[in-house]
Amino acid sequence: MPELATAVSEIRLRFGEQAVLRASRLAAIEPWPSGLEPVDRLSGIDGLPRGRLTVLSGHGTCGKLSVGLDLLARGSRELSQVVLVDPSLTFDPWTLAALGGDLERVLAIRPPAPDACGEAALALARAGCGLLVVLLPARVLAAAEAWLPSLEGAAGRSGSVVVAIAEDVPPALAHSSSFTLGLERVEWLVAAGEPVGLRARLRCLKNRVGVPGRETELEVRYPLNCTFAGKGAISEPLLRTFAGKREEGSEEWQARSAAG
Amino acid sequence: MAGPICCGLTGHLELCLHPDFWGRPFLVGDWDGDVVAASPETAEFGVYPGIPVHHARKLCPQASIVDPDPPAAARLRKLAAIALYDLAPVVEPRADGTFLLDLEGAAQPSLVIRETRRRLREATGRDPQLGLAPGPFSARLAAARARAGRLLRVENAAQFLAPLSIAELDLDREALERLDLLGLRTLGDLARLGPRQLQSQIGRPGRLAARLARGEEPVGLEPWRPPAITAVHRQLEPPLEDREALLFVARALCDDLGRELGLRGAGARRVRVKLRLDAQHPPLRGGQGGAEEARESAVRQPLTTGPELFGLVGSWLRAWAPAAPITELAVELPQLEPAGRRQLRLWVGGDGSLEEVTAAVERLQERFGDEVAVRPRPFLVDSPVAAQRYRLDPA
């Protein structure tokens, strides 16, 4: 059908080669095993999807940034370049060092304006940085409708793993993501009268690459008693996750449910 | 001679420019000049390149006459040469539609020949005749005797050349007549004579002719060197005011350039974007208006792909406020260099795209300042205040 071929070639001319692809040319989704077991298991593909957008969301203090930094630290040990896009200028390198991250491979982007945040995220996702973590505070999220839909496409071209961290999930972000996890704080962990961490419920709100709806719990311990890099080993793992312990259907889960 | 040589014949490139006339008698040339190229259908009327056009008209009155377009033919030659450039170490494209490739060292010559056929067909629109022989002279003659889209392989050049006419040699008419009078009518006849004897009869060209006739192939290929600059442009009719449409066009142009860069293994160190503006239109923003606006920048990391180019060009266009609607968009790469890559650290994930990431970061820094990308460095490592133990330096 020459008309169809002409139409396809025109679309490719205007929108690029990737605009029209045969289904047989679509690659299967590859996982990046982050090593953070609850997250890997909830995705259904044993890792975060490469070339897709993953969203960590949750209101207030629920551990989403800790999980994001832990992913960043794990990524920095495996990948040549990991990038944090930090428009709110809140990145603390020592936290990442305490989590065992290789700071030589970590790059922080501090965009001066919300538009620049989108431009930076798109450029880096397109360039193929191994792991891109984008912090999306409300003021950036409000102006992100223009570039969020392109973010997953940009990541898809290079196979980057892109993780967005946001308090709310507005429609643009919800539509753009392939894997959305909602975190909810269950309780504070307190030792000697001081909060040392929290226990959070992790729920898969959306999953295009696996089965959605699963949930689990994880425990986040804040790096309080750490020594810093260059002065010896870190005394103990600072971010502990306990996967499987409280998964839905487990004995402990049933016991908790029965107890109300 | 290195050899073996593969030759692809597509017909004169001036003829390739006019697919509407294929299959009919037509010739290319100025009305008051000589015939530059003639279609095969005119040969039976005695028309050949070099004769005056008015004489050709008398010989073949039904032939259509088309003005020559040397720039378009040169563009087509460049396009075909670029398409063949990565197939063989030495490629020689000629304006008469002869493309010669030295297959010395090619791991899979048959694959190269197949690709040559495909790419020439794509570039010129015509199925090439292909010849494979120990040298360029015999390869060209072999190709001329092959059917369109087929290959004629010559193992023994001297044996293949022996029965062919001396008219195949690039000799002037007077020398050919002299050889004919001497009874030397085939290349085999010339081969039996020594170069010195032939030189004594028709001068210096005779020496070369004798060696060619013997299959010695004394003339090598002239390697085509890709130009150190490249550019693409698109005329916009009607003039564009819509930024999104302009970005779509820019993306397509960048994809074209990226394909060419990939084929040539080159990277762009300098990028220039030109917008030609509608001179008839009053200035949009109360400015002076003008025929052309341009922006140019050098990049630290060579840009090698379409998305990389569009990353830079698109960011310019998004912030550009042209004074009038745009009638033409041009993207030029005035400085190219080999896009050689370092050896990858194969045990580190994603190391292959490190250069692209670095280039993207540098472009962000060019746009927003060095402080936009920072890397944590140890600072006061003994400080009791955790936040002082590291500082963020520009990457």
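Residues numbered from 1 in each chain as written. Chains lettered and ligands numbered in written order. Predicted model: local features only at pLDDT ≥ 70, side-chain atom pairs only at ≥ 80, totals over all residues.

### So, the packing of helix α3 (residues 70-84) of chain B against helix α4 (residues 109-124) of chain B
Residues and elements named next belong to chain B.
And step 1. Where α3 contacts α4, the axes come no closer than 9 Å and their chain directions differ by 155 degrees. Considered as vectors, α3 and α4 are oriented roughly antiparallel to each other. In this structure, α3 meets α4 at a crossing whose hand is right-handed. On α4, the residues that touch Leu76, Leu79, Ala80, Ala83 and Leu84 of α3 are Thr116, Arg119, Leu120, Glu122, Ala123 and Thr124.
And step 2. Of the residues assigned to the contact of α3 with α4, the class counts are seven nonpolar, two polar and two charged. (Axes fitted to C-alpha atoms, helices over the stretch in contact; angles between N-to-C directions. Helix = DSSP H or I, 4+ residues; strand = E, 2+ residues; numbered from the N terminus. Parallel < 35°, antiparallel > 145°, perpendicular 65-115°, else oblique. Left-handed = near helix turned anticlockwise from the far one by under 90°. Contact = placed C-beta atoms within 7 Å. Nonpolar A, V, L, I, M, F, W, Y, C, P; charged D, E, K, R; others polar.)

### Observations regarding the sheet that holds strand β6 (residues 98-102) of chain B
All names here are of chain B.
And step 1. Read across the open sheet, the five strands follow the order β5-β6-β1-β7-β8; overall the sheet is mixed. The sheet is open, and its two edges are formed by β5 (90-93) and β8 (151-153), each paired on a single side. Within this sheet the neighbouring strands show an average axis-to-axis angle of 15 degrees, counted without direction.
And step 2. Pairing of β5 with β6 involves four bridges; the strand directions are antiparallel. If you follow Val90 over to β6, its bridge partner there is Asp102.
And step 3. Sitting on the sheet, α4 is in contact with β1 (5-9), β6, β7 (129-133) and β8, with an inclination near 20 degrees to β1.
And step 4. Sheet strands in contact with helix α5 (residues 136-144) are β1, β6, β7 and β8, and its direction is about 145 degrees off that of β7. (Pairing = 2+ DSSP bridges.)

### What about helix α10 (residues 204-213) of chain B?
All names here are of chain B.
And step 1. Among the residues making up α10, those that are buried are Gly206, Ala209, Ala210, Leu212 and Ala213. Along the long axis of α10, the arc covered by the buried residues comes to 160 degrees, so they all point the same way.
And step 2. Next to the buried residues of α10 lie α5, α6 (157-161), α8 (187-192) and α9 (195-202).
And step 3. Phi for Gly215, located one or two positions after α10, is positive at around 80 degrees. (Buried ≥ 20, exposed ≤ 12 C-beta atoms within 10 Å, placed from the backbone. Arc of directions from axis to C-beta.)

### Description of the interface of chain B and chain A
And step 1. Of the residues lining the interface, 35 residues belong to chain B; the matching set on chain A comes to 35 residues.
And step 2. Elements represented by at least two residues in the side of chain B that touches chain A include exactly α11 (243-264), α12 (306-319), α13 (354-368), β13 (373-378) and β14 (390-394) of chain B.
And step 3. With nine residues, the top contributor of residues to the side of chain B that touches chain A is α13(B).
And step 4. The residue inventory of the side of chain B that touches chain A, partitioned by class, reads 22 nonpolar, five polar and eight charged.
And step 5. Both strand β5 (residues 106-109) of chain A and β13(B) contribute to a ladder of two bridges, which runs antiparallel. Within β13(B), the position partnered with A:Ala108 by the bridge is B:Val374.

### A closer look at the pairing of strand β7 (residues 161-166) of chain A
All names here are of chain A.
And step 1. Of all six residues in β7, six are buried, a share of seventy percent or more.
And step 2. Both faces of β7 are covered, namely the face carrying Val161, Val163 and Ile165 and the face carrying Val162, Ala164 and Ala166.
And step 3. Alignment of strand β3 (residues 53-57) against β7, held across five bridges, turns out to be parallel. Across the sheet, Leu53 pairs through a bridge with Val162, a residue of β7.

### Some words on the nonpolar core
And step 1. Counting 102 residues, the largest nonpolar core has A:Leu124 and A:Leu132 as the members making the most contacts within it.
And step 2. Top contributing element to this core by residue count: helix α5 (residues 114-127) of chain A, with eight residues.
And step 3. Setting aside residues up to four positions removed in sequence, A:Leu132 forms contacts with A:Val83, A:Val85, A:Ala121, A:Leu124, A:Ala125, A:Ser160 and A:Val162.
And step 4. Counting 62 residues, the second-largest nonpolar core is a separate cluster that includes B:Leu17, B:Val47, B:Leu141 and B:Leu193. (Core = buried A, V, L, I, M, F, W, Y, C linked by C-beta atoms within 7 Å.)

### Focus on the sheet that holds strand β12 (residues 326-338) of chain B
Residues and elements named next belong to chain B.
And step 1. Judged by pairing direction, the sheet is antiparallel, and its four strands sit side by side in the order β9-β12-β10-β11 without closing on themselves. Pairing within the sheet leaves two strands with one partner each, and these edge strands are β9 (230-240) and β11 (292-303). Direction aside, neighbouring strands of the sheet carry axes that sit 15 degrees apart on average.
And step 2. Pairing between strand β10 (residues 266-277) and β12: 10 bridges, direction antiparallel. Looking at the pairing, Leu277 lines up with Ile326 of β12.
And step 3. Contacts from α12 reach β10, β11 and β12, with the element oriented near 30 degrees to β10.

### Overview of the confidence of the model for chain B
All names here are of chain B.
And step 1. Model confidence for chain B is summarised by a mean pLDDT of 85, while 94% of its residues fall at 70 or above.
And step 2. Ranking the elements of chain B by mean pLDDT puts β11 last with 83 and β7 first with 93.
And step 3. Both scores are available for the predicted complex, with the pTM at 0.51 and the ipTM at 0.78. (pLDDT = per-residue confidence, 0-100.)

### Some points on α13(B)
And step 1. When the terminal C-alpha atoms of α13(B) are compared, their 21 Å separation across 15 residues agrees well with the 21 Å that a helix rising 1.5 Å per residue should span.
And step 2. Listed in full, the buried residues belonging to α13(B) are B:Leu354, B:Glu356, B:Val357, B:Ala359, B:Ala360, B:Val361, B:Arg363 and B:Leu364.
And step 3. Buried positions along α13(B) lie against β5 and α5 of chain A together with β11, α12 and β13 of chain B.
And step 4. Positioned one or two residues after α13(B), B:Gly369 has a phi angle of 100 degrees, which is positive. (Expected span 1.5 Å × (residues − 1).)

### What about the packing of α5(A) against α13(B)?
And step 1. Contact geometry of α5(A) with α13(B) gives a least axis separation of 8 Å together with a crossing angle of 160 degrees. Comparing the axis directions of α5(A) and α13(B) gives the class roughly antiparallel. You can see that α5(A) and α13(B) cross each other, and the crossing is right-handed. Note on element contacts: α13(B) touches α5(A) through B:Glu356, B:Val357, B:Ala359, B:Ala360, B:Arg363, B:Leu364 and B:Phe368, opposite A:Ala116, A:Ala120, A:Ala123, A:Leu124 and A:Ala127.
And step 2. Within the contact of α5(A) with α13(B), the residues separate by chemical class into 10 nonpolar, no polar and two charged.

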